[in-house]
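# Commentary on secondary and tertiary structure
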Amino acid sequence: MTHEQAKTLIGERFGGAQVESASAEATAGKGMTLTITVPANDWRAFASFAKNELGCRFFSFSSAVDWKEQGLEVVAKVDNVDTGLSILMKTKLGPGVSECQSLVPVFRGADWMERECYDMFGIRFDGHPDLRRILLGDDWVGHPLLKSYAVDTPHPPYR
Amino acid sequence: MEIKPPVPIIPAPIWRNIKDLQEWEQLHQKRPEGDKHSAAFESITEGIHSFPGGFLVTAPADAFLNWARKSSVWPVTFGLACCAIEMMATFASRFDVERLGMVPWASPRHSDLMVVSGTVTIKMAPMLERIYAQMPDPKWAVSMGSCANSGGPFRHGYHVVKGVDRVIPVDVYVPGCPPPPESLLNGLLLLQDQIAQFRRTGKRPAPNPKVD
């Protein structure tokens, strides 16, 4: 599965996906990364497509970005370890939205990543089997990696 | 032409205006005065001390008890972060603290000293407080490294207690990130000095100003 083949397949299957074309140097050898922005509705469908048809069976990581007024963006990276194809998949949830489809039915490894994502950004993953905080205490108020979270938020009795 | 000596301009102590330090002064816990002995023991000692010539008894008794205490300070085995590596090096054979009478002990119920070695997170602080509460009196605490002193590089993070002295009273602060074993040893020696100066009765002398 080369870069161009993957691009063609994605273009056929997901018309709404934006493919950011990498430079020629980056696509020449192995270790190329395709950056693809899909609509939020296609998030899980695209993940299973990448797993089953593009052969990206290795779930590398999942995280999120807070773009303030533009809302949250969920990022995940999946790899095809046989051919060296990496896909960085992104989706914009839109302003004020914090619901996203979960990738756990496709990749089991997404479980704790999405729990951390919920912990830090407050994104509620639809279809996640066990969505609770993973790093912070259960009594924590707020989601600290959001830009709207004040780092000086008092946390009695210790600060 | 008259030559005047330069007028020294003494800057105002701006550190008094720094909000963080004021906050620290306000929030940090001081070591409570005296040990928490039983009231009967305290009153008997006070009685002997206030008797004419009674200090001849209490002073040597204090000196003996302080000597015994400072010669067998057992630190509880409690490591939090990377400072714990340096603490382990201090406890191990090269910087052997057993020659100071310190035996790292794996039970807080048998220990006298807690070396808070590393970052105290808000999630960890209740456990730290609990371990400190489990140690029998008299007990001491050494805050080791920048993180335990003030929060260090993580001070402006969202999850760190800004100094362990907001959780437990601290006797000696060891600076460094992390402090090398020599620094921690110096801190432990200062702590022993402090214990040797301890007076239950009468007025406590000024602590030793020795640094480094």
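Here, the structure is the one placed above.
Residues numbered from 1 in each chain as written. Chains lettered and ligands numbered in written order. Predicted model: local features only at pLDDT ≥ 70, side-chain atom pairs only at ≥ 80, totals over all residues. Heavy atoms only, no water.

Residues and elements named next belong to chain B. Read from one edge of the open sheet, 4 strands run β1-β2-β3-β4, paired in parallel fashion. Two strands in the sheet have a free side with no partner beyond their single neighbour: β1 (75-76) and β4 (172-174). One ladder, built from 5 bridges, connects strand β2 (residues 113-117) with strand β3 (residues 140-144); its direction is parallel. Looking at the pairing, Val-116 lines up with Ser-143 of β3. Against the sheet, helix α4 (residues 83-91) touches β1, β2 and β3, its axis set at about 135° to β2. Sheet strands touched by helix α5 (residues 125-134): β2 and β3. Its angle to β2, the strand with the most contacts, is close to 165°. (Pairing = 2+ DSSP bridges. Helix = DSSP H or I, 4+ residues; strand = E, 2+ residues; numbered from the N terminus. Contact = heavy atoms within 4.5 Å. Axes fitted to C-alpha atoms, helices over the stretch in contact; angles between N-to-C directions.)

Taken together, the contact between chain B and chain A spans 14 residues of the former and 14 residues of the latter. Interface of chain B and chain A: buried area, both sides summed, is about 1,100 Å²; carbon and sulfur atoms make up 61% of it. Among the residues chain B hides against chain A, the three largest losses belong to B:Ile122, B:Lys123 and B:Tyr158. Together they make up 57% of the total. Seen at the junction of chain B and chain A, the total is 0 salt bridges. Applying the counting rule to chain B against chain A returns 1 residue pair in polar contact (both at pLDDT 80 or more). (Buried area = accessible area lost by both parts, 1.4 Å probe. Salt bridge = Lys/Arg side-chain N within 4 Å of Asp/Glu carboxyl O. Polar contact = N/O pair within 3.5 Å; in protein donor to acceptor, adjacent residues only side chain to side chain.)

In terms of nonpolar packing, the biggest core is built from 57 residues, with A:Phe46, A:Ile87 and A:Ile123 touching the most fellow members. Ranked by residue count, the leading element in this core is helix α3 (residues 43-52) of chain A, at 5 residues. Not counting the four nearest positions on each side in its chain, A:Phe46 is found in contact with A:Ile10, A:Phe14, A:Ile36, A:Val38, A:Ile87 and A:Met89. Among the nonpolar cores identified, the runner-up in size contains 20 residues, and B:Cys83, B:Val142, B:Met144 and B:Leu188 belong to it. (Core = buried A, V, L, I, M, F, W, Y, C linked by side-chain atoms within 4.5 Å. Buried < 20%, exposed > 50% of the residue type's maximum accessible area, 1.4 Å probe, protein only.)

Another point: the packing of helix α3 (residues 55-70) of chain B against helix α7 (residues 181-196) of chain B. Residues and elements named next belong to chain B. Contact geometry for α3 and α7: axes closest at 8 Å, N-to-C directions at 160°. Taken together, the axes of α3 and α7 lie roughly antiparallel to each other. Like other packed secondary-structure pairs, α3 and α7 cross with a definite hand, here right-handed. Touching Asn-66, Arg-69 and Lys-70 of α3 are Gln-192, Ile-195 and Ala-196, all from α7. (Parallel < 35°, antiparallel > 145°, perpendicular 65-115°, else oblique. Left-handed = near helix turned anticlockwise from the far one by under 90°.)

Right, let's get into the packing of aromatic side chains. How two aromatic rings sit relative to each other is set out by the distance from centre to centre and by the angle between their planes. If you walk through the whole model with that rule in mind, you get 5 aromatic pairs over all chains. Measuring from centroid to centroid gives 5.9 Å for A:Phe46 and A:Phe49, while their planes differ by 50°, and the two rings are tilted. With A:Phe46 and A:Phe49 both in helix α3 and 3 residues apart, the pair spans about one turn of that helix. For the pair A:Phe46 and A:Phe49, one class covers both residues: buried. Taking 6.2 Å as the distance between ring centres and 85° as the angle between the ring planes, the aromatic pair formed by A:Trp140 and B:Tyr158 counts as edge-to-face. Placement of A:Trp140 in the segment after β7 (124-126) and of B:Tyr158 in the loop between α6 (145-150) and β4 is noted, with the two residues assigned to different chains. No difference in accessibility class separates A:Trp140 from B:Tyr158, as the two residues are buried. Across the ring face of A:Phe107, the terminal group of A:Lys51 is positioned such that the distance to the ring centre comes to 5.5 Å. For B:Lys139, the ring lying beneath its charged end belongs to B:Tyr132, and the centroid distance is 4.5 Å. (Phe/Tyr/Trp six-rings, centres within 6.5 Å; stacked < 30°, edge-to-face > 60°. Lys NZ or Arg CZ within 6 Å of the ring centre and 35° of its normal.)

Before going further, it helps to spend a moment on the side chain of A:Ser62. All names here are of chain A. Looking at where Ser-62 falls in the secondary structure, it is placed in strand β3 (residues 58-66). Judged by relative accessible area, which is 8%, Ser-62 ranks as buried. Each residue touching Ser-62, except ones within four places of it in the same chain, is listed here: Val-75, Ala-76, Met-113 and Glu-114.

All names here are of chain A. Using the criterion set out here, one finds 5 salt bridges over all chains in the structure. When the shortest N-O distance is used, the salt bridge between Arg-115 and Asp-130 registers 4.0 Å. Of the two residues, Arg-115 is situated in helix α4 (residues 110-121) and Asp-130 in the segment after β7; the sequence distance between them amounts to 15 residues. Of the residues examined, Arg-115 reaches a relative accessible area of 8% and is grouped as buried. Using a relative accessible area of 31% as the deciding quantity, one classes Asp-130 as partly exposed. Each of Arg-115, Asp-130 and Arg-132 takes part in one network of salt bridges that share partners.

Further remarks concern the sheet that holds β3(A). All names here are of chain A. Across the sheet, which stays open at both edges, the 5 strands sit in the order β1-β2-β5-β4-β3 with mixed pairing between neighbours. On the outer flanks of this sheet lie β1 (18-20) and β3, each paired with one strand and no other. Each strand of the sheet is rotated relative to its neighbour by a mean of 20°, with strand direction disregarded. Here 8 bridges tie β3 to strand β4 (residues 72-80), and the two strands are oriented antiparallel to one another.

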